[in-house]
Amino acid sequence: MSTLINRRQALRSMMGLGSALTALAVPEPMTAATEEHPAHPVAPHNVVAMLFDSTICTGCKACMPACNEANGLAPDTLLSGGIWDMPTDLNAQTKNIIQLYQEPQGNGFAYVKRQCMHCLDPACVSGCPFGSLKKADWGAVTWNSSLCIGCRYCEVACPFEVPKFQWDSWNPKIVKCEFCYDQRLKKDLQPACTAACPTGAVIFGKRVDLLSQAKDRIAAAPDKYFENRAYGEHEAGGTQVLYLSAVAFEKIGLPKLSSVSLGHYATKVTSVIYKWLAGPLLMAGVLGFAIKKNWDRHETERIKHEEETGFPDQL
Ligand code: SF4
Ligand code: SF4
Ligand code: SF4
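Because the structure is predicted, anything quoted here is derived from the model rather than measured. (Residues numbered from 1 in each chain as written. Chains lettered and ligands numbered in written order. Predicted model: local features only at pLDDT ≥ 70, side-chain atom pairs only at ≥ 80, totals over all residues. Heavy atoms only, no water.)

## Concerning the overall build of the protein
This is how the line gets drawn: Here a helix means four or more residues in a row that DSSP labels H or I, a strand means two or more in a row labelled E, and each is numbered from the N terminus. Buried means the residue's accessible area, taken with a 1.4 Å probe over protein chains only, is under 20% of the maximum for its type, while exposed means over 50%, and partly exposed covers the values in between.
A count of helices and strands for the protein gives 9 helices and 9 strands. Per-residue burial over the protein gives 51% buried out of 315 residues.

Spelled out as structure tokens, the structure:
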């Protein structure tokens, strides 16, 4: 009930590291400056991160039920007749997924873990007109249901296609990984997915430490990793999920992005818009190119999914 009231209020205003399986010490949260927008073009020292090394992941998927359990999400059994958790992508009940990439003619494969990238300067935060998404302590990008009006700007602004909308709910939510912020980080526990990973393919720690560890791994095996670099160090202004892969990043679903964040541009423009009281609708125009691009891609994938499976897509 209180959620409904808060949404009305929001509408009214529109009118106007380690692979240890146990607890891992979470660094002291960032200072109050993290509550402010724009976010953090440069990572503070205690921003946390995940490092996913695709060459280590065995595809066991232990991280998936761990994520579901930590977040109170039911398994997605749509494609398995109600038996198995079988999501094909991130969706309204899947915040974390392991996907398999296979080279043509069976010449190799790789697993990739997908969840929110927790961008240092997130486009979703810049695109949200009511501050429902924000950069919280430790750099986690969190969502506040009481401020969300369901406009879905975040969904179309995100360059990684992460936020999903609950189309089938009377009180829909935006669903995305929030770094287990309430469930675990605040309790000094590492995220459920990193805690559950038996191989250390995905590990948790300070971003600065994980970046350094990624560079050490590359230096130790210079022919092993694609482009000898970690994806996420610079992409979209930098992300708090970092990837190492033997396969080209784009092949495993990590888009080619410049080092300047969309949030950076959007924030600059929206600050001018608000200064002149033009309001959130004009902001949609500023973000239009990103919205159209992501929307077209989203629709293409949805139609393809329905044609291939015969099931309506939940994306
Ligand atoms: S990946 Fe998308 S949803 Fe996650 S922080 Fe970046 S812009 Fe926001
Ligand atoms: S950090 Fe938490 S919510 Fe995000 S993918 Fe891992 S387990 Fe899921
Ligand atoms: S638990 Fe670890 S090894 Fe297993 S699928 Fe997830 S990331 Fe890969």
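## Observations concerning helix H2 (residues 63–71)
Rules: For this analysis, residues touch if any pair of their heavy atoms sits within 4.5 Å.
Buried within H2 we find Cys63, Met64, Ala66, Cys67, Asn68 and Asn71. At its buried positions, H2 is contacted by strand S2 (97–102), strand S3 (109–114) and helix H5 (192–196). Residue Gly72 follows H2 closely and has a positive phi angle near 65°.

## A closer look at the site of ligand 3
How we decide: Residues are labelled near a given molecule or strand when at least one of their non-hydrogen atoms is within 4 Å of it. Gly is placed with the polar residues, together with every amino acid not listed as nonpolar (Ala, Val, Leu, Ile, Met, Phe, Trp, Tyr, Cys and Pro) or charged (Asp, Glu, Lys and Arg).
Around ligand 3, the structure places 14 residues, and the nearest of them are Cys57, Cys60, Lys61, Cys63 and Cys197. Of the residues that constitute the shell around ligand 3, the class distribution is 10 nonpolar, 3 polar and 1 charged.

## Some words on the site of ligand 1
The local shell around ligand 1 holds 14 residues, among which Cys116, Met117, Cys119, Cys124 and Cys158 are the closest. When its residues are assigned to classes, the shell around ligand 1 shows 12 nonpolar, 1 polar and 1 charged.

## Considerations on the nonpolar core
Note the threshold: The nonpolar core is taken to be a set of buried Ala, Val, Leu, Ile, Met, Phe, Trp, Tyr and Cys residues, with the residues joined through side-chain atoms within 4.5 Å.
Core analysis: the biggest nonpolar cluster contains 40 residues, and Met117, Phe160, Leu185 and Tyr243 have the highest contact counts within it. Contributions of two or more residues to this core are made by strand S1 (48–53), H2, S2, S3, strand S8 (202–206) and strand S9 (241–244). Filtering out sequence-adjacent residues up to four positions away, Tyr243 remains in contact with Phe52, Val112, Lys113, Arg114, Gln115, Met117, Arg229, Ala230, Tyr231, Phe249 and Leu254. Within the second largest apolar cluster, 11 residues are counted, among which are Ala49, Leu51, Ile218 and Tyr225.

## Observations regarding the pairing of S2
Here is the rule: A pair of strands is treated as paired once DSSP finds two or more bridges between them.
As defined by bridge partners, S2 adjoins S3 across 6 bridges and the pair is classed as antiparallel. What sits directly across from Gln99, in S3, is Val112. Counted between consecutive antiparallel strands, the loop separating S2 from S3 contains 6 residues, among which Gln105 sits at a positive phi close to 60°.

## Let's talk about the side chain of Ser146
Keep this limit in mind: Polar contacts, as used here, are pairs of N or O atoms within 3.5 Å; protein pairs need one atom able to donate a hydrogen and one able to accept it. Residues neighboring in sequence count only if both atoms are side-chain atoms.
Looking at the secondary structure, you find Ser146 in the loop between strand S5 (141–143) and helix H4 (153–157). The buried category is assigned to Ser146, whose relative accessible area is 18%. Side chain to side chain, Ser146 and Asn144 meet in a polar contact 2.7 Å long.

## Notes on the sheet that holds S8
Rule in force here: Convention adopted: a line fitted to C-alpha atoms gives each axis, helices being fitted over their contacting stretch, and angles between N-to-C directions are expressed from 0 to 180 degrees.
Overall, mixed pairing links the 3 strands, which are arranged S8-S1-S9 in an open sheet. If you trace the sheet from one side to the other, it starts and ends with S8 and S9, each paired once. For this sheet, the mean inter-axis angle between neighbouring strands, taken without regard to orientation, is 25°. In this sheet, S9 lies alongside S1 in parallel orientation, the contact comprising 4 bridges. Residue pairing for S9: Phe52 is matched across the bridge by Tyr243. Relative to S8, helix H6 (residues 207–220) is tilted by about 130°, and along the sheet it contacts S1, S8 and S9.

## What to know about the packing of aromatic side chains
Stated formally: Only Phe, Tyr and Trp rings are paired, with Trp represented by its six-membered ring, and only when their centres lie within 6.5 Å; those with planes under 30 degrees apart are stacked, over 60 edge-to-face, the remainder tilted.
Counted according to the given criterion, the structure contains 8 aromatic pairs. With centroids separated by 6.1 Å and ring planes inclined at 75°, the aromatic side chains of Phe179 and Phe204 adopt a geometry described as edge-to-face. Note that Phe179 is positioned in the loop between strand S7 (174–175) and H5 and Phe204 in strand S8, a separation of 25 residues in sequence. Both residues of the pair, Phe179 and Phe204, count as buried. Put simply, the rings of Phe52, Phe226, Tyr231, Tyr243 and Phe249 pair up and form one aromatic cluster.

## Quick word on the pattern of salt bridges
What counts, and what does not: One speaks of a salt bridge when a side-chain nitrogen belonging to Lys or Arg is within 4 Å of a carboxyl oxygen belonging to Asp or Glu.
Here the structure, examined in full by the defined rule, presents 10 salt bridges. For Glu233, the salt bridge goes to Lys215, with nearest N and O atoms at 2.9 Å. Taken together, the positions of Glu233 in the loop between H6 and S9 and Lys215 in helix H6 put the pair 18 residues apart, joining distant regions of the chain. Taken together, the salt bridges that share partners define one network made up of Glu227, Arg229 and Glu235.

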